[in-house]
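Here's the letter readout for the chains.
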Amino acid sequence: MTTLSGHSYASALAHLVLTGSSCWALSKINSGVHGKYALGAYCLHLAHGVIGLFRYAIPQHKSNYRFLQMIRAVYLRIRLVNSNLALPLMTVQVALLLKPAWQSFILFLLAIPSLHVLRYWVHKPYSVPELEIFSQTLCLGALGYLSYSEGNDYGYALLFSCFAAVLIHRMTDEFSRRDLFVYALSFFVFFSYKTLHSSLPFYYRYFY
């Protein structure tokens, strides 16, 4: 149950799971092998999980009111950055491993969400759903094509978890479904690592 102050152990648990899955992925990943874009995506997920854990786990009192207000402001920003950049970053990393010739498309894939986030931070503090949907649709389409063309089963699971996260994120901003969105991100972290790992040459899969 979520209180008027935003305190919710259920939401805190969802963010704890996201934090744990992100730490697991970061402990497994090698940026020189799996790629720096994947590292960036997992760092965003970790920040989302940790700040969300503080955001929802700490009850509000007069003594910590200012601190929690600051945490909430930071959480809203990191949540928007993560929801806009993590999927494109991971899509780019999968594409670089499987289709290195996609250089121009990869730059385009990163440019749209990056401009959106920059606009949010610098100019207007609200998101533009059309830009988000366009970017997410491109990423989902690219992941679907890559999974199909390479026959990557983990890629299909990643695609499904991404689609679920995007759909839940678009449905409503209620706390219960917001928690489902965070859980979907945890599945995204798990399946994205598995997709990256299964895309590596056999030698790297064996030793990393």
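Throughout this description, residue numbers start from 1 for each chain and increase along the sequence as written. Reporting in this predicted model follows two pLDDT cut-offs: at least 70 for local features of residues, and 80 or more for side-chain atom pairs to be given and counted; totals over whole chains, interfaces and linings ignore these cut-offs and use all residues. The side-chain figures draw on all heavy atoms in the structure; neither hydrogens nor water molecules are used.

Focus on the UniProt feature "transmembrane region" (unreviewed entry) in the protein
Then comes step 1: UniProt positions are given in the numbering used here, feature names are shortened, and annotations may be inferred rather than shown by experiment. The UniProt record annotates "transmembrane region" (unreviewed entry) at residues 35-58, 79-98, 104-122 and 180-204.
Then comes step 2: Comment: elements are numbered from the N terminus, with helices defined as DSSP H or I runs of at least four residues and strands as E runs of at least two. Along residues 79-98 one finds 100% helix and 0% strand; the C-alpha atoms at either end are 29 Å apart.

A few points about the nonpolar core
Then comes step 1: Residues grouped as a nonpolar core are buried Ala, Val, Leu, Ile, Met, Phe, Trp, Tyr and Cys residues, joined through side-chain atoms within 4.5 Å. Under the scheme applied here, a residue whose accessible area is under 20% of the maximum for its type counts as buried, over 50% as exposed, and between as partly exposed, the area being computed with a 1.4 Å probe on protein chains only. Ranked by internal contacts, the top residues of the largest apolar core, which has 43 residues, are Tyr42, Leu87, Met90, Cys162 and Phe188.
Then comes step 2: Those elements giving two or more residues to this core turn out to be α1 (9-28), α2 (36-57), α3 (65-98), α4 (103-122), α5 (129-150), α6 (153-171) and α7 (175-199).

Digging into α2
One full turn of an α-helix is made of 3.6 residues, so residues set three or four places apart face in the same direction.
Then comes step 1: By this rule the span expected of a helix is its residue count minus one, scaled by 1.5 Å. Its 22 residues give α2 an end-to-end C-alpha distance of 31 Å, which sits within 8% of 32 Å, the value for a rise of 1.5 Å per residue.
Then comes step 2: Turning to α2, its buried residues number three or more, namely Ala38, Ala41, Tyr42, Leu44, His45, His48, Gly49, Ile51, Gly52, Arg55 and Tyr56.

Structural notes on the packing of aromatic side chains
Then comes step 1: For Phe, Tyr and Trp, where Trp contributes only its six-membered ring, two rings pair if their centres lie within 6.5 Å, and the inter-plane angle classes them as stacked under 30 degrees, edge-to-face over 60, or tilted in between. Taken as a whole and judged by the stated rule, the model has five aromatic pairs.
Then comes step 2: Aromatic pair tyrosine 56 and tyrosine 75: ring centres 5.7 Å apart, planes at 85 degrees, arrangement edge-to-face. On the criterion of sequence distance, the pair formed by tyrosine 56 in helix α2 and tyrosine 75 in helix α3 is long-range, its members being 19 residues apart. Like tyrosine 56, the residue tyrosine 75 is buried in the burial classification.
Then comes step 3: When the centroid spacing of 6.4 Å and the interplanar angle of 15 degrees are considered together, the rings of phenylalanine 187 and phenylalanine 191 count as stacked. In this pair, phenylalanine 187 and phenylalanine 191 both sit in helix α7, four residues apart, roughly one turn of the helix.
Then comes step 4: Connected via pairs of aromatic rings, a cluster forms that spans Trp24, Phe187, Phe190, Phe191 and Tyr193.
Then comes step 5: The ring of tyrosine 56 carries the charged tip of arginine 55 above its face, separated from the ring centre by 4.5 Å. Lysine and arginine charges are scored as sitting over a ring when NZ or CZ, respectively, is within 6 Å of the ring centre and within 35 degrees of the ring normal.

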